[in-house]
Amino acid sequence: MISALVYADEAAVAYDDLAAARRAAGTTWVHVAEATDEEVAAVQSAFDLHPLAIEDLRGDVRAKTEEFHEYTFVLLKAISLTPGETTFEKEVTARPVGIFIGRDWVVTLGTGPPGPIQRVMAAAERGDERLLQRGPDFTACRAIDVIVDAYFDLLDEIETDIEEIEEAVTVSTDSDIIENINDVRRDLLSFRKQVWPAREAVGLLARGDPKQVQPQTEKYFRDIYDHLVQIADLTETYRDLVSGARDIYLNTVSQSTNEVMKVLTVVATIFIPLTFVAGIYGMNFAGGPYNMPELGWTFGYPAAMLGMALMAAVMLLQFRRRDYL
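As named in an unreviewed UniProt entry, the protein chain is Magnesium transport protein CorA, taken from Haloarcula onubensis. We quote the UniProt Sequence similarities (unreviewed entry) comment for the protein chain here in full: "Belongs to the CorA metal ion transporter (MIT) (TC 1.A.35) family."

Now the structure itself:
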């Protein structure tokens, strides 16, 4: 659905006709959530938007800022964690949002369901003076700000997952833990791919390169840029935490395996002499060409068992001396 507002005389007036909204005196804001092809074509025709910008909005293009003759085009991604469509429990979903900043108008086009920008539009309809008085660049700044604020919400969700993983790796070696670790690492990698281009795109606005950005609005874009720098740093920190949790998990699994091997070593050490003695006594020497004198000795069997015990004790002492046990 297309929403059109015109700011004039400290009031916001809704318009149904895009052409009339474009011609009206004041600052015009047109917002479309879940834009259909017909709605995009209508907005493109009313504001003479370049086909390449529309193509970028519809395609899988990284965030960027591009200057045209009559307006500046900003492409950002609205990012959220949604239930996975494949085998993943949650995955990062990025939906393009196009922001066109003109001399006295701003157009925001979203390809996903209504999001934070709707709240800014609702504030404008109620008569937010900051939006009414500061022009289209400040309106665009508010729209970008709420998109970036949603990045913090996503990081909070990932942080909660990391805390659960860190608690689990110290008490369990369940295979589900490594799957959760890999899921979070994948989410952080996908998120990082969206944040870094967004930082570059907002950086151009923060420097005031586009002529549509007024000097008094640059400080607000710089504040958003600082937020993106903070988000990028948090993303790298969380990646390090997840890598550390994976190392702890692998060390725990390795230690558990070593404990099992120690037990098996002790068992093998005890049974190797027994197997040796049984192998000798299992040969039928009596009455043959060979002779085992201890077969007729009263203490032959006890002496063989004592020898076996001594052999096992010597082997265990050697293992302990070399820190195998």
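Chemist: Before we go on, may I ask you to explain the pattern of salt bridges in this structure?
Modeler: Pairing between side chains becomes possible if they bear opposite charge and their charged atoms approach one another. Scanning the model with the defined rule gives 12 salt bridges in all. The closest approach of N and O atoms between Arg62 and Glu200, which form a salt bridge, is 3.8 Å. Of this pair, Arg62 sits in the loop between α3 (51-58) and β4 (64-67) while Glu200 sits in helix α7 (residues 175-206); the two residues are 138 residues apart in sequence, bridging distant segments of the chain. What emerges from the salt-bridge pattern is a single network uniting Asp56, Lys64 and Glu66.

Chemist: Could you clarify how one ought to interpret the sheet that holds strand β1 (residues 2-8) in this entry?
Modeler: Pairing between the strands of a sheet is mediated by backbone hydrogen bonds and can be parallel or antiparallel. Pairing is mixed across the open sheet formed by seven strands, whose spatial order is β2-β1-β3-β7-β6-β5-β4. Every interior strand has two partners, whereas the edge strands, β2 (11-15) and β4, have only one. Mean inter-strand twist for the sheet, computed between neighbouring axes without regard to direction, equals 20°. Pairing of strand β6 (residues 90-101) with strand β7 (residues 105-110) involves five bridges; the strand directions are antiparallel. Along β7, the bridge assignment pairs Ile101 with Val106. α7 rests against β4, β5 (72-83) and β6 of the sheet, and its axis sits at about 160° to β5.

Chemist: How do you make sense of the nonpolar core when you look at a structure like this?
Modeler: A general tendency of soluble globular proteins is for nonpolar side chains to be buried together. In this structure, Ile99, Ile144, Tyr151 and Ile181 are the most contacted members of the largest nonpolar core, which totals 56 residues. Secondary-structure elements contributing two or more residues to this core are β1, β5, β6, α4 (116-125), α6 (136-169), α7 and α8 (215-281). Counting 22 residues, the second largest nonpolar core, distinct from the first, contains Ala21, Val40, Leu75 and Trp105.

Chemist: Is there a simple way to explain a nonpolar patch on the surface in this structure?
Modeler: A cluster of nonpolar side chains, namely Val260, Met261 and Leu264, defines an oily patch on the protein surface of about 280 Å² accessible area. Tracing the sequence through the fold places Leu264 in helix α8. Relative accessible area serves as the criterion here: at 48%, Leu264 is assigned to the partly exposed category.

Chemist: Looking at this model, I keep getting lost on the packing of aromatic side chains. Mind explaining?
Modeler: Aromatic ring pairs are described here by two measures, namely the spacing of the ring centres and the angle between the planes. Considering all chains together, one arrives at seven aromatic pairs under this definition. Both rings, one in Phe138 and one in Tyr220, keep their centres 5.1 Å apart while their planes meet at 80°; by these two values the pair is edge-to-face. With Phe138 in helix α6 and Tyr220 in helix α8, this pair connects stretches of sequence that are 82 residues apart. Residue Phe138 is classed as buried on the basis of its relative accessible area, which comes to 4%. Note on Tyr220: relative accessible area 28%, which makes it partly exposed. A network of ring pairs unites the aromatic residues Phe47, Phe68, Tyr71, Phe73, Phe100 and Trp105 as a single cluster. Over the ring of Phe138 we find Arg134, and its NZ or CZ is 4.9 Å from the ring centre.

Chemist: Quick question: what am I supposed to make of α7 here?
Modeler: The periodicity of an α-helix, 3.6 residues per turn, causes residues three or four places apart in sequence to face the same way. Taking 1.5 Å of rise per residue, 32 residues should cover 46 Å, and α7 covers 46 Å from first to last C-alpha, within 8% of that figure. Gly208 lies just past α7 and shows a positive phi near 75°.

Chemist: Mind showing me how you'd approach the packing of α6 against α7 here?
Modeler: Packed helices, taken two at a time, are described by the angle their axes make and the gap between the axes. Interaxial distance between α6 and α7 falls to 11 Å at its minimum, and their mutual angle equals 155°. When the axes of α6 and α7 are compared, the pair comes out roughly antiparallel. In this structure, the crossing between α6 and α7 has a hand that is left-handed. Across the interface between the two elements, Ile144, Tyr151, Leu154, Leu155, Ile158, Asp161, Ile162, Ile165, Ala168 and Val169 from α6 touch Ile177, Asn180, Ile181, Val184, Asp187, Leu188, Phe191, Val195, Ala198, Val202 and Leu205 from α7. Classifying every residue of the contact of α6 with α7 by side-chain character gives 18 nonpolar, one polar and two charged.

Chemist: Help me understand the environment of His31 in this model?
Modeler: Among the structural elements, His31 can be located in strand β3 (residues 27-32). Assessed through its relative accessible area of 5%, His31 is described here as buried. Along the sequence, His31 and Leu109 sit 78 residues apart, while their C-alpha atoms lie 5.9 Å from each other. Here His31 is in contact with Met1, Ile2, Ser3, Thr108, Ile117, Gln118 and Met121, once residues within four sequence places are set aside. Only 2.7 Å separates the side chain of His31 from the side chain of Thr108, close enough to count as a polar contact.

Chemist: Any chance you could explain unusual backbone geometry here in plain terms?
Modeler: Excluding glycine, a negative phi dihedral is what most residues carry, and trans is how most peptide bonds are arranged. The phi angle at Glu34 is positive, at roughly 50°, despite the residue not being glycine. In this fold, Glu34 is placed in the loop between β3 and α2 (37-47). Notably, Asp48 is not glycine yet its phi reads approximately 55°, a positive angle. Looking at where Asp48 falls in the secondary structure, it is placed in the loop between α2 and α3.

So, how was this worked out
- Residues numbered from 1 in each chain as written.
- Predicted model: local features only at pLDDT ≥ 70, side-chain atom pairs only at ≥ 80, totals over all residues.
- Heavy atoms only, no water.
- UniProt positions renumbered as here; feature names shortened; annotations may be inferred.
- Salt bridge = Lys/Arg side-chain N within 4 Å of Asp/Glu carboxyl O.
- Helix = DSSP H or I, 4+ residues; strand = E, 2+ residues; numbered from the N terminus.
- Pairing = 2+ DSSP bridges.
- Axes fitted to C-alpha atoms, helices over the stretch in contact; angles between N-to-C directions.
- Contact = heavy atoms within 4.5 Å.
- Core = buried A, V, L, I, M, F, W, Y, C linked by side-chain atoms within 4.5 Å.
- Buried < 20%, exposed > 50% of the residue type's maximum accessible area, 1.4 Å probe, protein only.
- Patch = residues over 30% accessible without salt bridge, like charges linked within 9 Å, V, L, I, M, F, W, Y side chains within 5 Å.
- Areas by Shrake-Rupley, 256 points an atom, 1.4 Å probe, with all protein chains shown as cover.
- Phe/Tyr/Trp six-rings, centres within 6.5 Å; stacked < 30°, edge-to-face > 60°.
- Lys NZ or Arg CZ within 6 Å of the ring centre and 35° of its normal.
- Expected span 1.5 Å × (residues − 1).
- Parallel < 35°, antiparallel > 145°, perpendicular 65-115°, else oblique.
- Left-handed = near helix turned anticlockwise from the far one by under 90°.
- Nonpolar A, V, L, I, M, F, W, Y, C, P; charged D, E, K, R; others polar.
- Polar contact = N/O pair within 3.5 Å; in protein donor to acceptor, adjacent residues only side chain to side chain.

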